[in-house]
Amino acid sequence: MTPQRSQVGYSTPDERSSLFSDNFYIQDPVSVLHMTNFLTNIPHYFSSNPSSHSNNSTLDEADRQQTNIICERKRRRMVSNRESARRSRIRKQKLLEELLSQLVSLRADNQTLMEQLSHLVESHERVVDENTRLKEEATDIIHKLDEILLANTSMDMQCFVELS
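Cut-offs and rules
Residues numbered from 1 in each chain as written. Predicted model: local features only at pLDDT ≥ 70, side-chain atom pairs only at ≥ 80, totals over all residues. Heavy atoms only, no water. Helix = DSSP H or I, 4+ residues; strand = E, 2+ residues; numbered from the N terminus. Buried < 20%, exposed > 50% of the residue type's maximum accessible area, 1.4 Å probe, protein only. Contact = heavy atoms within 4.5 Å. Areas by Shrake-Rupley, 256 points an atom, 1.4 Å probe, with all protein chains shown as cover. Salt bridge = Lys/Arg side-chain N within 4 Å of Asp/Glu carboxyl O. Patch = residues over 30% accessible without salt bridge, like charges linked within 9 Å, V, L, I, M, F, W, Y side chains within 5 Å. pLDDT = per-residue confidence, 0-100.

Participant: Please clarify how the overall build of the chain should be interpreted in this entry.
Facilitator: When helices and strands are counted, the chain shows 3 helices and 2 strands. Listing each helix as α and each strand as β along the chain from the N terminus yields β-β-α-α-α. By residue count, 9% of the 164 residues in the chain fall in the buried class. Sequence-distant contacts, at least 24 apart, represent 30% of the contacts inside the chain between residues at least 6 apart. Split by element, the accessible area of the chain, about 14500 Å² in all, is 59% carbon and sulfur.

Below you can see the structure in the form of structure tokens.
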């Protein structure tokens, strides 16, 4: 036994060329439920038998209960989605506050490091200047020593020439 395909279905805007076509399309699931129930029970709606009216009222009550269940589920889902969105906004706000705090901290660290770098550059320049000055002094001292050695060597040569 194969299940029969319902004549009620969902449609997309592109599929809705006319209001009535081979199949009757309804977009809302609750309306689909009502339409399915109506189409299934057409003979009961038009019969004059009082027991069928009693049957209709129980079917209507079942429809109302089903509709209430669906509406309650939608309401709960909507409340749940709102709460989820609220929690998401709170998380986003906390993250933003943490990032701003981190930004302030990193800027302060950056300022401290820039000041340290500036002091180190100044210190480096002083050391380079002092090194240059000391090299010049060493060069001057070496020249003076060379002159002294040359003078001593020429005196020793004079003394040696005089003694010979």
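Participant: How do you make sense of the pattern of salt bridges when you look at a structure like this?
Facilitator: Where charged atoms of side chains with opposite charge meet at close range, the side chains can pair. Counted according to the given criterion, the structure contains 6 salt bridges. Ionic pairing is found between glutamate 83 and arginine 87, a salt bridge with its closest N-O pair at 3.9 Å. Taken as a pair, glutamate 83 and arginine 87 lie in helix α3 (residues 50–163) at a separation of 4 residues, close to a single helical turn. For arginine 87, a relative accessible area of 41% corresponds to the partly exposed category. Note that arginine 133 and glutamate 137 form a salt bridge whose closest N and O atoms lie 2.5 Å from each other. Separated by 4 residues within a single helix, arginine 133 and glutamate 137 lie in helix α3, roughly one turn from each other. Beyond isolated ion pairs, a larger network of salt bridges with shared partners links Glu72, Arg75 and Arg76.

Participant: Explanation requested: a nonpolar patch on the surface in the structure shown.
Facilitator: A cluster of nonpolar side chains, Leu96, Leu100 and Leu103, forms an exposed patch at the surface whose accessible area comes to about 260 Å². For leucine 103, the position within the fold is in helix α3.

Participant: Looking at this model, I keep getting lost on the confidence of the model for the chain. Mind explaining?
Facilitator: Interpretation of this model should avoid reading the predicted coordinates in detail wherever pLDDT is low. On average, residues of the chain score 79 in pLDDT, and 65% of them reach the 70 mark or higher. Considering only residues more than four positions removed or in separate chains, one finds that residues 1–26, a stretch of pLDDT under 50, has 29 contacts.

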